[in-house]
Amino acid sequence: MAAPDILNGAVPARAKVNLFLHVGDKRDDGFHPLQSLAVFTASGDSLRAEEGSGLSLEIDGPFAAGLQKEQDNLVLRAARALGEAAARPADARLILTKNLPVASGIGGGSADAAAALRALCALWKLDWDEGRLREIGASLGSDIPVCVPSLPSFMEGRGEIVTPVESFPRLALLLVNPRVAVPTRDVFSALTQRSGVGAILPRGRLRDCADLLRFLETTRNDLEAPARALQPVIGEVLSALAALPGALFTRMSGSGATCFAIFPDDDSCARAARALTSAHTDWWIQPTAVPEFNIAHEETGQDIGP
Ligand code: C5P
């Protein structure tokens, strides 16, 4: 596998945003089949892996407190699973900087686990391809495989079938979380209306923002209604986002409660963030961007930018 993309000695664990999410009928294994388009933002958590004897995890950052009481963090489970698959002791000192809210529908825990797989592959000098890491990830959680490459991709199956899009435009995106945790399992349990998983996915037709918006208008997030029923404040967030000048499209991500709005440019996104911050001082409000992506550049090894 290519060396992980290192930021100040740490592997980025980018926020995952589901631009749409369609769900089918529950399968015999208890999971739901789904179709989704997941994209990854410039901002997120970050993880450092250093030599250590035994396995340890330190957590810092603004949302560290939400994870301290968790004995068996997904990052530790990913490290143990990789050590087992590589038939070696899972020795490492892991340092996670938690910038993303926990249990918030933007894949924080999954992105952290995927970052741990990438960082430990480098630390333990395992020359493994991404497919193998995605398989280990899938054994730990449905959202982890798509977080291994962290590139704009369609998700199918229970989430583990990942197909990168051919091209994706740069997006200015505002993320907002009203600081309520929503457990994914509870949202799936409260689901009543499903779109099914028969949508035709435009793998090669997302060249610009207008193409993307035309496609998104034909889709939904099926988990939005059950998540709003559990946490009505999500409805307030969506109304506040839709009322912001310049907001082109608003929706909830994943199983919530984080919602997003797409803006035409970074300036209007930053202005919207300032306006919302002054009205809702208690919400987590993060202006960010999805980098432009072109699979042809990726395949020829060209840099895809920040
Ligand atoms: O795979 P993960 O552990 O993230 O899933 C958490 C819970 O979300 C599952 O236990 C299941 O209740 C629900 N889920 C589902 N169908 C999926 C993904 C998750 O029902 N495709």
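Residues numbered from 1 in each chain as written. Predicted model: local features only at pLDDT ≥ 70, side-chain atom pairs only at ≥ 80, totals over all residues. Heavy atoms only, no water.

A. Here's a closer look at the site of the ligand. In the region of the ligand, the neighbouring residues are Gly30, Phe31, His32, Leu34, Gly141, Ser142, Arg158, Thr184, Arg185 and Phe188. Interatomic distance of 2.6 Å between a side-chain N/O atom of Ser142 and an oxygen atom of the ligand. A total of 450 Å² of accessible area belongs to the ligand in isolation, and the protein chains cover 77% of it. The element best represented in the shell around the ligand is helix α6 (residues 184-189), accounting for three residues. Residues belonging to the shell around the ligand are distributed by class as follows: three nonpolar, five polar and two charged. (Near = heavy atom within 4 Å. Polar contact = N/O pair within 3.5 Å; in protein donor to acceptor, adjacent residues only side chain to side chain. Areas by Shrake-Rupley, 256 points an atom, 1.4 Å probe, with all protein chains shown as cover. Helix = DSSP H or I, 4+ residues; strand = E, 2+ residues; numbered from the N terminus. Nonpolar A, V, L, I, M, F, W, Y, C, P; charged D, E, K, R; others polar.)

B. Fine view of the packing of aromatic side chains. Under the defined criterion, the tally for this structure stands at four aromatic pairs. Between Phe20 and Phe215 the ring centres are 5.4 Å apart and the planes differ by 90°, which places this aromatic pair in the edge-to-face class. Residue Phe20 is found in strand β1 (residues 11-23), and its partner Phe215 is found in helix α7 (residues 209-216); the two are separated by 195 residues along the sequence. The pair Phe20 / Phe215 is uniform in exposure class, with both members buried. Three or more aromatic residues link up through ring pairs in this structure, and these residues are Phe20, Phe154 and Phe215. Cation over ring: Arg158 sits above Phe31, and NZ or CZ is 4.5 Å from the ring centre. (Phe/Tyr/Trp six-rings, centres within 6.5 Å; stacked < 30°, edge-to-face > 60°. Buried < 20%, exposed > 50% of the residue type's maximum accessible area, 1.4 Å probe, protein only. Lys NZ or Arg CZ within 6 Å of the ring centre and 35° of its normal.)

C. Up close: the side chain of His22. Position of His22 among the secondary structure elements: in strand β1. The buried category is assigned to His22, whose relative accessible area is 5%. Polar contacts involving the side chain of His22 include one to the main-chain amide nitrogen of Arg220, which spans 3.0 Å. With residues up to four places along the chain from it excluded, the contact list for His22 reads Pro33, Leu34, Gln35, Ser195, Gly196, Val197, Ala199, Thr218, Thr219, Arg220 and Asp222. (Contact = heavy atoms within 4.5 Å.)

D. Summary view of the packing of helix α2 (residues 74-85) against helix α3 (residues 108-123). Their axes nearest at 8 Å, the elements α2 and α3 cross at an angle of 35°. The element α2 and its partner α3 pack so that their crossing is right-handed. Residues Leu74, Val75, Ala78, Ala79 and Leu82 of α2 form the contact with α3, whose participating residues are Gly109, Ser110, Asp112, Ala113, Ala116, Leu117, Leu120 and Cys121. Looking at the contact of α2 with α3, its residues break down into 10 nonpolar, two polar and one charged. (Axes fitted to C-alpha atoms, helices over the stretch in contact; angles between N-to-C directions. Left-handed = near helix turned anticlockwise from the far one by under 90°.)

E. Seen up close, the nonpolar core. One finds Leu82, Leu174, Leu241 and Leu276 to be the most contacted residues of the largest nonpolar core, which totals 72 residues. Counting residues per element, this core draws most heavily on α3, at 10 residues. Discounting chain neighbours no more than four positions away, the residues touching Leu276 are Leu174, Val176, Ala240, Leu241, Leu244, Trp283 and Ile285. In terms of nonpolar packing, the next biggest core, distinct from the first, is built from 29 residues, Val17, Val39, Leu173 and Ile295 among them. (Core = buried A, V, L, I, M, F, W, Y, C linked by side-chain atoms within 4.5 Å.)

Any functional reading would require information beyond the geometric quantities listed.
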